[in-house]
Every structure is written in C-alpha cells, then in structure tokens.
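Chain by chain, the residues:
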Amino acid sequence: SLRVADTETPAAFKVSGRGELHLSILIETMRRQGYEFAVTKPQVIYREVDGVTCEPIERLVCDVPTDYSGTVIDKISRRKGVLQSMQGQDRMRLEFLIPSRGLFGYRSEFLTDTRGEGIMSSVFEDYEPVKGEIPTRPVGSLVAWETGESTSYALFNLQDRGELFIEPGVKVYNGMIIGQSSRPGDIDVNVCKKKHMTNS
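What you see is a predicted model; the values in this text were computed from it and never measured. (Residues numbered from 1 in each chain as written. Predicted model: local features only at pLDDT ≥ 70, side-chain atom pairs only at ≥ 80, totals over all residues. Heavy atoms only, no water.)

**Student:** Mind laying out the packing of aromatic side chains, listing which residues take part and the relevant values?
**Tutor:** Counted according to the given criterion, the structure contains two aromatic pairs. With a centroid separation of 5.9 Å and an interplanar angle of 55°, the aromatic rings of Tyr 106 and Phe 110 are classed as tilted. Remark: Phe 110 and Tyr 106 occur in helix α3 (residues 106-113); sequence separation between them is four residues, near one turn of the helix. Judged by its relative accessible area of 0%, Tyr 106 is buried. (Phe/Tyr/Trp six-rings, centres within 6.5 Å; stacked < 30°, edge-to-face > 60°. Helix = DSSP H or I, 4+ residues; strand = E, 2+ residues; numbered from the N terminus. Buried < 20%, exposed > 50% of the residue type's maximum accessible area, 1.4 Å probe, protein only.)

Structure (structure tokens):
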C-alpha cells in the first residue's frame, strides 16, 4: 500500500500511501532514524472516469458537543463537505461526504474548535467529479531570514506577529519556519536579533 517512485530529479521521490496518517508515520519513523528531508504538501490521486477527472470522496463522521457543531459544520462546508445527517442532543453525530483533500490539515483545527472533545473518523466512499478549489489556510508563516541562534529579545518583539514554535537558544537557519503569522502571507523575521548595549 506504500509506493515510492522516482521523479525528474534524483534528490526527490514521489511517495504514495493510504492517507495522511499512513504518510505521517513514515515521515516520523525516518525523522527518528536521523534522516533530514523536506516534505511537500500532500496531494490526492485523481482518476479519469468516463472522460471526467474525479477525486476521492470520504464519508466523515464527527461526534461533537452540541455547542461546537455549528463551527464544525461551517468549517467542513468551506472544505467542500456536504452534510448528510445530524443526530443527537447533548452531543451531535454529524455525517458528511467530503473530498479527501478537504481533510488535509483539518484534524488539529477540529480538535481546537471542539476544545479537544470532538471525535472524527473517515472512510473512503467513492470517486466523484472534482469539487472545485478548496480555500487554503487564512494565515501565513513566520520565516527566519538568517542563520544563528534565537534570542529572548527577538522572540519577545515577535509575539504580536503570531504564534511562535521555538524558544530562545534554538539554532535556526535561513528559511526555517519558526511560527504562524496572524495574517495572510509569509513574513520574514529576525529571531537572532540581540539587544544593543548602550552607555545610557
């Protein structure tokens, strides 16, 4: 179920698996074994059916507290999910049909939106015509623009820019993502900046 294929460059490979979890296990295993590598955004495998480009659709079941059901329905609708059924009182069981690519990166967002109380699972349903463009994340990244060691002074001044992923004393390199911006688009930042000493 895991396939590795060559690409146009000998430094890159195309890896096909059964989904986000399958590939993340491979990535984490390689990372623990000391490999250094870059991973691109995952893509689904499209299929031609009667001359029409189709994409995989999954049946998604979410079990969430009633207070958070509206947020979950809204978020999944933006990802081209279609609500099939809704049952329950204190907790709601929501069933959707959603493109597989609509679930990329959604699990952590789902846990945040349900305060960790939501449960979601999905299974492949069928191939259907491509549902159109799915909006990407509305925030950007904070990217280090120099190589060095992060300082408390620099990180303190960057707190208003978004959520930081690193602490003081971390070795960083040019192009390293060190946080999530609170606004769309990536921002280059200096995390190695030191406070200038003065005589005053």
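Don't stop here, the text continues.
**Student:** So what's going on with the pattern of salt bridges? Residues and values would help.
**Tutor:** Any two side chains of opposite charge can pair, so long as their charged atoms come close to each other. If you walk through the whole model with that rule in mind, you get 11 salt bridges. Of the charged contacts in the structure, one is a salt bridge between Lys 75 and Glu 109, with a shortest N-O distance of 3.0 Å. In this pair, Lys 75 is assigned in helix α2 (residues 66-78) and Glu 109 in helix α3, connecting sequence segments 34 residues apart. What makes Lys 75 buried here is its relative accessible area of 17%. For Glu 109, a relative accessible area of 26% puts it in the partly exposed group. For Glu 128, the salt bridge is made with Lys 131, and the minimal N-O distance between the two is 2.8 Å. Using a relative accessible area of 24% as the deciding quantity, one classes Glu 128 as partly exposed. Owing to a relative accessible area of 36%, Lys 131 belongs among the partly exposed residues under this scheme. Where salt bridges share partners, they join Lys 75, Arg 79, Glu 109 and Asp 113 into one cluster. (Salt bridge = Lys/Arg side-chain N within 4 Å of Asp/Glu carboxyl O.)

**Student:** Tell me about the pairing of strand β2 (residues 13-16), residues and numbers included.
**Tutor:** Within a regular strand, side chains alternate between the sheet's two faces. The pairing of strand β1 (residues 3-6) with β2 spans four bridges and is classified as antiparallel. Note on β2: the bridge partner recorded for Val 4 is Val 15. Counting the residues that bridge the hairpin from β1 to β2 gives six residues. (Pairing = 2+ DSSP bridges.)

**Student:** Describe the nonpolar core, listing the residues and the values that go with them.
**Tutor:** With 13 residues, the main nonpolar core has Leu 60, Cys 62, Val 72 and Ile 76 as its most contacted residues. Listing elements by their share of this core, those giving two or more residues are β4 (52-65), α2, β6 (91-99) and α3. Of the residues forming this core, the biggest block, four residues, is contributed by β6. Setting aside chain neighbours within four positions, we find Cys 62 in contact with Val 72, Ile 76, Met 92, Arg 93, Leu 94, Phe 96, Phe 110, Ile 119 and Met 120. (Core = buried A, V, L, I, M, F, W, Y, C linked by side-chain atoms within 4.5 Å. Contact = heavy atoms within 4.5 Å.)

**Student:** Explain unusual backbone geometry to me, and be specific about the residues and the numbers.
**Tutor:** In this structure, Lys 80 is a non-glycine residue whose phi angle is positive, near 70°. You can see Lys 80 is positioned in the loop between α2 and β5 (82-88). Exposure remark for Lys 80: the relative accessible area of 33% places this residue in the partly exposed category. Located in the positive-phi region is Arg 115, a residue other than glycine, with phi close to 55°. In this fold, Arg 115 is placed in the loop between α3 and β7 (119-129).

**Student:** Describe the sheet that holds strand β13 (residues 187-189), with residues and values.
**Tutor:** Strand order in this open sheet of four strands is β10-β12-β8-β13, and the pairing throughout is mixed. Each of the sheet's edge strands pairs with one partner strand only, and the pair in question is β10 (162-164) and β13. In this sheet, adjacent strand axes meet at a mean angle of 30° when their direction is disregarded. Examined bridge by bridge, strand β8 (residues 141-144) and β13 share three bridges and lie parallel to one another. Looking across to β13, one finds that Leu 142 is bridged to Ile 187. (Axes fitted to C-alpha atoms, helices over the stretch in contact; angles between N-to-C directions.)

**Student:** Any chance you could break down α2 for me, citing the residues and the numbers?
**Tutor:** Within the span of α2, buried status applies to Ser 69, Val 72, Lys 75 and Ile 76. Each buried residue of α2 sits inside an arc of 140° when the element is viewed along its axis, so together they form one side. On its buried side, α2 packs onto β4, β6 and α3. At the exit of α2 stands Lys 80, carrying a positive phi of roughly 70°. (Arc of directions from axis to C-beta.)

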